[in-house]
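A look at the structure
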Amino acid sequence: MAVRNKPLVVITRKLPDQVETRMRELFDARLNLDDRPMSQPELVAAVKEADVLVPTVTDRIDEALIEQAGENLKLIANFGNGVDKIDVTAAARRGITVTNTPNVLTEDTADMTMALMLAVPRRLAEGANILDGSGKWGGWSPTWMLGRRIWGKRLGIVGMGRIGTAVARRAKAFGLSIHYHNRNHVLREVEDELEATYWDSLDQMLARMDIISVNCPSTPATYHLLSARRLALMQPTAYLVNTARGDLIDEEALVKLLQDGKIAGAGLDVFENEPVVNPKLVKLAAKGKVVILPHMGSATIEGRIDMGEKVIINIRTFIDGHRPPDRVLPLRT
């Protein structure tokens, strides 16, 4: 009996060794050992010859690219939860299935959100920078490096999905009062557990919170959800934390508010034009007005391995002629 050839799987970025080894065992896997983002011509070449493309959240798989795909490309198995850079509708028209890796980054992203929620009001980055290099400072003083207590403050969560709920559980343990804005109420038992207050009006919630945490997905409907008008509703003593997607916030408007002291500070792990960071934000970070991180929310060894295993399961299931468990449908994007 003839042995069926392994499918050609093109992986656009370097993945953890454990994941890459398993990919090589199961598929004809073409790895990116240099971990250099593929250029547009390289992506075109990949979709022309691959049976399966494994992109990441930094790759733009738009309609123009998909239209150049070869007949063999039948699956785009995204290494990541967000598919905002993949034209799922265009893929469906070409008979290409799209999958993602949901549910594996919840706890890691919630941890990072909580870390920023602590870092900004308590001025952790500023304190660390003072000791950077010399290890010396002027000594303790009753009025020096005063931050803000988070215990007892009101937290407003924008987007109460899996990550938002995980953030709420952590924040409640730190003594914050939980408020949230979502398309719908969460389950009654979850709302009771968190003693959470639901706001159907995002505007009203923004105007009343001490800390705002952005945890909703990026879609055309949520682009600049926190617009200049909405950001201006926040209290001057309030803090903003974003570990979701940069384009959910009007970044220029946020910069202006921070420069003018109209809000107290921000913690950002994502940016509107990644990997480019607005130089105005860099300057504000140097002044202690904002803590900025290079998209580290899901950066744990465990999380990346879990993502890789989901990608492998989706590919194997698809190749075996079954519907992959994490298929993304056009209407859900």
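Below is a short write-up of the structure.

1. Some words on the environment of A207
Counting through the fold element by element, A207 comes out in the loop between helix 9 (202–206) and strand 9 (211–214). The exposure class assigned to A207 is partly exposed, which follows from its relative accessible area of 31%. Between the alpha carbons of A207 and G261 there is a distance of 16 Å; along the sequence they are 54 residues apart. The contact partners of A207, leaving out residues within four places of it in the chain, are L233 and Q235.

2. Side note on the sheet that holds strand 7 (residues 177–181)
Within a sheet, neighbouring strands are paired by backbone hydrogen bonds and run either parallel or antiparallel to one another. Overall, parallel pairing links the seven strands, which are arranged 8-7-6-9-10-11-12 in an open sheet. The two strands at the open ends of the sheet, each matched to only one other strand, are strand 8 (197–198) and strand 12 (290–292). Bridge count for strand 10 (residues 239–242) against strand 11 (residues 265–268) is four bridges, and the pairing is parallel. Across the sheet, the residue bridging to V241 is G267, located in strand 11.

3. A word on a nonpolar patch on the surface
Taken together, I130, L131, W137 and W144 make up a surface patch of nonpolar side chains, about 390 Å² in accessible area. Among the structural elements, L131 can be located in the loop between helix 6 (124–130) and strand 6 (154–158).

4. Things to note about the nonpolar core
Ranked by size, the top nonpolar core spans 30 residues in total, and within it I212, V214, L226, L231, L240, L254 and L258 carry the most contacts. Elements with a minimum of two residues in this core: helix 9, strand 9, helix 11 (251–259), strand 11 and helix 12 (279–286). The element that contributes the greatest number of residues to this core is helix 11, accounting for five residues. Not counting residues up to four positions away in its chain, the partners in contact with I212 are G156, V158, M205, L206, L226, M234, Y239, L240 and V241. Ranked by size, the runner-up nonpolar core spans 26 residues in total, among them L116, V120, I157 and L194.

5. Digging into the packing of aromatic side chains
In this description, a pair of aromatic rings is defined by centroid distance and the angle of the planes. Applying the stated criterion across every chain yields a total of one aromatic pair. With centroids separated by 5.2 Å and ring planes inclined at 55°, the aromatic side chains of Y180 and Y198 adopt a geometry described as tilted. Here Y180 is found in strand 7, whereas its partner Y198 is found in strand 8, with 18 residues between them in sequence.

6. Overview of the side chain of E251
For E251, the position within the fold is in helix 11. Buried charge without a salt bridge: E251, with K280 as the nearest opposite-charge side chain at an N-O distance of 9.5 Å. Excluding anything up to four places from it in sequence, E251 contacts F271, E272, N278 and L281.

7. Some details on the packing of helix 5 (residues 106–119) against helix 7 (residues 162–173)
With their axes 9 Å apart at the nearest point, helix 5 and helix 7 run at an angle of 50° to one another. It follows that helix 5 is oblique to helix 7 by the angle criterion. Crossing hand, helix 5 versus helix 7: right-handed. Residues T106, E107, T109, A110, D111, T113, M114 and M117 of helix 5 form the contact with helix 7, whose participating residues are R162, I163, A166, V167, R170 and A171. Along the lines of polarity and charge, the residues of the contact of helix 5 with helix 7 split into seven nonpolar, three polar and four charged.

8. Some details on the sheet that holds strand 3 (residues 52–54)
Spatially, 2-1-3-4-5 is the arrangement adopted by the five strands of the open sheet, whose pairing is parallel. Each end of this open sheet is capped by a strand with a single partner; those strands are strand 2 (28–30) and strand 5 (97–99). The mean angle between the axes of side-by-side strands here comes to 20°, regardless of whether they run parallel or antiparallel. Sheet topology note: the strand 4 (residues 75–77)/strand 5 ladder contains three bridges and is parallel. For I76, the partnering residue across the bridge sits in strand 5 and is V98. Along the sheet, helix 13 (residues 301–319) contacts strand 1 (8–11), strand 3, strand 4 and strand 5; its crossing angle with strand 4, the most-contacted strand, is approximately 165°.

9. A few points about unusual backbone geometry
Between E274 and the following residue, P275, the backbone shows a cis peptide bond with an omega angle of 5°. Examined against the element boundaries, P275 turns out to sit in the loop between strand 11 and helix 12. Positive phi, normally seen in glycine, also occurs at M145, with a value near 55°. Relative to the helices and strands, M145 resides in the loop between helix 6 and strand 6.

10. Details of the pairing of strand 10
Judged by which residues are buried, strand 10 turns out to be covered on both faces: Y239 and V241 on one side and L240 and N242 on the other are all buried. As paired strands, strand 9 and strand 10 are joined by four bridges and run parallel to one another. Bridge pairing links I211 to Y239 in strand 10. What joins strand 10 to strand 11 is helix 11, and the crossover it makes is right-handed.

Definitions and cut-offs
- Residues numbered from 1 in each chain as written.
- Predicted model: local features only at pLDDT ≥ 70, side-chain atom pairs only at ≥ 80, totals over all residues.
- Heavy atoms only, no water.
- Helix = DSSP H or I, 4+ residues; strand = E, 2+ residues; numbered from the N terminus.
- Buried < 20%, exposed > 50% of the residue type's maximum accessible area, 1.4 Å probe, protein only.
- Contact = heavy atoms within 4.5 Å.
- Pairing = 2+ DSSP bridges.
- Patch = residues over 30% accessible without salt bridge, like charges linked within 9 Å, V, L, I, M, F, W, Y side chains within 5 Å.
- Areas by Shrake-Rupley, 256 points an atom, 1.4 Å probe, with all protein chains shown as cover.
- Salt bridge = Lys/Arg side-chain N within 4 Å of Asp/Glu carboxyl O.
- Core = buried A, V, L, I, M, F, W, Y, C linked by side-chain atoms within 4.5 Å.
- Phe/Tyr/Trp six-rings, centres within 6.5 Å; stacked < 30°, edge-to-face > 60°.
- Lys, Arg positive; Asp, Glu negative; His and termini not counted.
- Axes fitted to C-alpha atoms, helices over the stretch in contact; angles between N-to-C directions.
- Parallel < 35°, antiparallel > 145°, perpendicular 65-115°, else oblique.
- Left-handed = near helix turned anticlockwise from the far one by under 90°.
- Nonpolar A, V, L, I, M, F, W, Y, C, P; charged D, E, K, R; others polar.
- Right-handed = clockwise from strand over helix to strand, strands pointing away.

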